[in-house]
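# Structural characterization, general
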Amino acid sequence: MADMLMAMGYDEALAKAAIAQTGGDVQKAVDYILSGSITAPAGTGGGGGTAAPSAGRKLVDDSPADAEMTADSGETAAAAATGDAMDVDAASSGGGLKVRVLVCTDTGMQFSTQEQAARYAERTGHSNFEEKEVDAPPPPKPLTEEEKKAKLEAIKQKMKEKRAAKEAAEREEEKEKEKVRRKTGAEVAKAKADYEARQLAKLAAEKKREREAERAHKAKVKALLQQDELNRKAAAKGGAAGATAVSAAVPPAAAPAQAPPAETKVYTECRIQLRPPAGAGRPVTATFPATETVGAILSHAAANIPALAGQSFALVMTRPRKEFTQADAGTLISDSGLMPSAALMVQLK
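Residues numbered from 1 in each chain as written. Predicted model: local features only at pLDDT ≥ 70, side-chain atom pairs only at ≥ 80, totals over all residues. Heavy atoms only, no water.

## Comments concerning the sheet that holds strand E2 (residues 110–111)
Short version of the rule: Pairs of strands are assigned from DSSP output, requiring at least two bridges between the strands. Helix and strand assignments come from DSSP, with helices taken as H or I runs of at least 4 residues and strands as E runs of at least 2, each series counted from the N terminus.
Taking strand neighbours across the sheet as the criterion, the three strands line up as E2-E1-E3 in an open arrangement whose pairing is antiparallel. On the outer flanks of this sheet lie E2 and strand E3 (129–135), each paired with one strand and no other.

Here it is, written out as structure tokens:
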């Protein structure tokens, strides 16, 4: 409420006092001030028991042009330099009421308080003042209803403009905040996308290494199987060559006699190499008696290959292809086709 009165040009202390004495009614406060029946609170106007000049004074714009104005001889100053000086054009009609003011002896400007004089001196450099008693300005003419309405409309318009300016500033602030939020969101999204791209590249590289390791393992197994096949063929050729040499060494006289059949070698042990799945460990080699069962090989695989713990698996011979499971556990190794050695792939079920 006091802000509305101050917007009309009244002193802050006077505006607050008028609002307090009229119960917060702006219209009544304006009428009360204009009636001249209210005085400014202590410390805001002149002293010495005289009437305060604030009720009838008017503030003027603060401009350098006003600061250069000087008082005419025998008359009071017509305008203020800083917005603190009083308009006392009607001082001659004060009706005998006196007020005490500070007058600048250099320019003739009048001030109702020492604070106003000090601000004027600080701003203009004029520091010579003297205290005088002058006629108080007469109370202003009461406003008509139309003038009151016009003043209130002006105040409302000014308040509306202030609110509009405040709302515009708030909208601009919200726009800036939204820009910051969008920028932050874009940066977070980009960082997330970069992280996911790095993770995908890492996963692809890991899968590539696994495929290369699997290919290398398969090539190694293939080479071992080929070597086993060559060893078997060499062993078979060696037996045939021995029989031929014995036949050739028999004298001609003994030719009619039938040569004894080549003695077949009997193997009592079987050498087994167990090859786990890729990445599940190194191959395991063990030797088993020919009289042992396939179940012994299955148990040895489960005990020595950690990846098979609690898993269902089978042992696969590639050439010729044959699969051994728990159903074959009772088969003798000598009857299983694994003699004298074999490489078995461990295959999870």
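## A few points about the pattern of salt bridges
Selection criterion: Salt bridges are defined as contacts in which a side-chain nitrogen from Lys or Arg sits within 4 Å of a carboxyl oxygen from Asp or Glu. Whether a residue is buried, partly exposed or exposed follows from its accessible area with a 1.4 Å probe, protein chains only, as a fraction of its type maximum: under 20%, in between, or over 50%, in that order.
Enumeration according to the criterion identifies 13 salt bridges in this entry. Between Lys-16 and Glu-12 there is a salt bridge, with the nearest N and O atoms lying 3.0 Å from each other. Of this pair, Lys-16 and Glu-12 are both found in helix H2 (residues 12–21), four residues apart, which corresponds to roughly one turn of the helix. Residue Lys-16 is classed as partly exposed on the basis of its relative accessible area of 49%. Accessibility expressed as a relative area gives 40% for Glu-12, which makes it partly exposed. Ionic pairing is found between Glu-323 and Lys-349, a salt bridge with its closest N-O pair at 2.8 Å. One end of the pair, Glu-323, is in strand E7 (residues 321–324); the other, Lys-349, is in the segment after strand E8 (341–348), and 26 residues separate them in sequence. Judged by its relative accessible area of 34%, Glu-323 is partly exposed. Looking at Lys-349, the relative accessible area reads 56%, which means it is exposed. Among the charged side chains, a salt-bridge network with shared partners connects Arg-100, Glu-131 and Glu-133.

## Side note on unusual backbone geometry
For the peptide bond that leads from Met-339 to Pro-340, omega is -5 degrees, which places it in the cis range. Along the chain, the position of Pro-340 falls in the loop between E7 and E8.

## Some thoughts on the confidence of the model for the chain
Which entries qualify depends on this criterion: The quantity known as pLDDT measures the predictor's confidence residue by residue, on a range of 0 to 100. Throughout, a contact is declared for two residues whenever any of their heavy atoms are within 4.5 Å.
Here the chain averages 77 in pLDDT, while 73% of its residues score no lower than 70. Ranking the elements of the chain by mean pLDDT puts helix H4 (residues 64–67) last with 38 and strand E5 (residues 284–289) first with 93. Predicted confidence for residues 42–95 stays below pLDDT 50, and this span has 96 contacts to residues more than four positions away or in other chains.

## With respect to the side chain of Ser-112
What counts here: Distance and chemistry together define a polar contact, namely a pair of N or O atoms within 3.5 Å, with one atom able to donate a hydrogen and the other to accept it when in protein, and with adjacent residues in sequence counting only for side-chain atoms on both sides.
Within the secondary structure layout, Ser-112 lies in the loop between E2 and helix H5 (114–124). There is a polar contact of 2.9 Å between the side chain of Ser-112 and the side chain of Gln-116.

## Looking at the pairing of E8
By the bridge criterion, five bridges tie strand E4 (residues 269–275) to E8 in an arrangement that is parallel. For Arg-271, the partnering residue across the bridge sits in E8 and is Ser-341. Pairing between strand E6 (residues 313–318) and E8: four bridges, direction antiparallel. Considered in E8, the bridge of Leu-315 is made with Val-346.

## Description of H5
Put simply, the rule reads: What the arc describes is the spread of directions from the helix axis to the C-beta atoms.
Those residues of H5 that fall on the buried side of the exposure criterion are Gln-116, Ala-117, Tyr-120 and Ala-121. For H5, the arc enclosing every buried residue in end-on projection is 135 degrees, short of the 170-degree limit, so these residues lie on one face. In H5, the exposed positions angled more than 90 degrees off the buried face are occupied by Gln-114 and Glu-122. Positive phi appears at Gly-125, one or two residues downstream of H5, with a value of about 90 degrees.

## Observations regarding the packing of aromatic side chains
Selection rule: In summary, the pairing rule links any two rings of Phe, Tyr or Trp, Trp by its six-membered ring, whose centres are within 6.5 Å, and it sorts them by plane angle into stacked for under 30 degrees, edge-to-face for over 60 and tilted for everything else.
Tallied over the full model, the rule gives three aromatic pairs. Ring centres of Phe-111 and Tyr-120 lie 4.8 Å apart, and the angle between their planes is 40 degrees; on these two criteria the pair is classed as tilted. Classification of Phe-111 as buried rests on a relative accessible area of 1%. Judged by relative accessible area, which is 1%, Tyr-120 ranks as buried. Plain terms: the ring middles of Tyr-120 and Phe-129 are 6.5 Å apart, the flat faces sit at 75 degrees to each other, and that makes the pair edge-to-face. A residue is classified by how much of its surface remains accessible, and Phe-129, at 26% relative accessible area, is partly exposed. A network of ring pairs unites the aromatic residues Phe-111, Tyr-120 and Phe-129 as a single cluster.

## Focus on a positive patch on the surface
What counts is decided by this rule: Nonpolar side chains (Val, Leu, Ile, Met, Phe, Trp, Tyr) are joined into patches within 5 Å and like charges within 9 Å, using only residues with over 30% relative accessible area and no salt bridge. Here, Shrake-Rupley sampling with a 1.4 Å probe gives the accessible areas, and only protein chains in the shown set may cover a residue. Under the counting rule used here, the positive set is Lys and Arg, the negative set is Asp and Glu, and His together with the chain ends is not counted. By convention, the charge on Lys lies at NZ, on Arg at CZ, on Asp at CG and on Glu at CD.
Taken together, the side chains of Lys-207, Lys-208, Arg-211 and Arg-215 make up a positively charged region of the molecular surface. In this structure, Arg-215 sits in helix H6 (residues 145–249).

## Overview of the nonpolar core
The line we're drawing: Throughout this description, the term nonpolar core refers to a set of buried Ala, Val, Leu, Ile, Met, Phe, Trp, Tyr and Cys residues connected via side-chain atoms within 4.5 Å.
Ranked by internal contacts, the top residues of the largest apolar core, which has 24 residues, are Ile-272, Leu-274, Ile-297, Leu-315, Leu-338 and Leu-344. Those elements giving two or more residues to this core turn out to be E4, E5, helix H7 (294–304), E6 and E8. Looking at which element gives the most residues to this core, the answer is H7, with four residues. Excluding residues within four positions of it along the chain, Ile-297 makes contact with Ile-272, Leu-274, Phe-288, Leu-315, Ile-333, Leu-338 and Leu-344.

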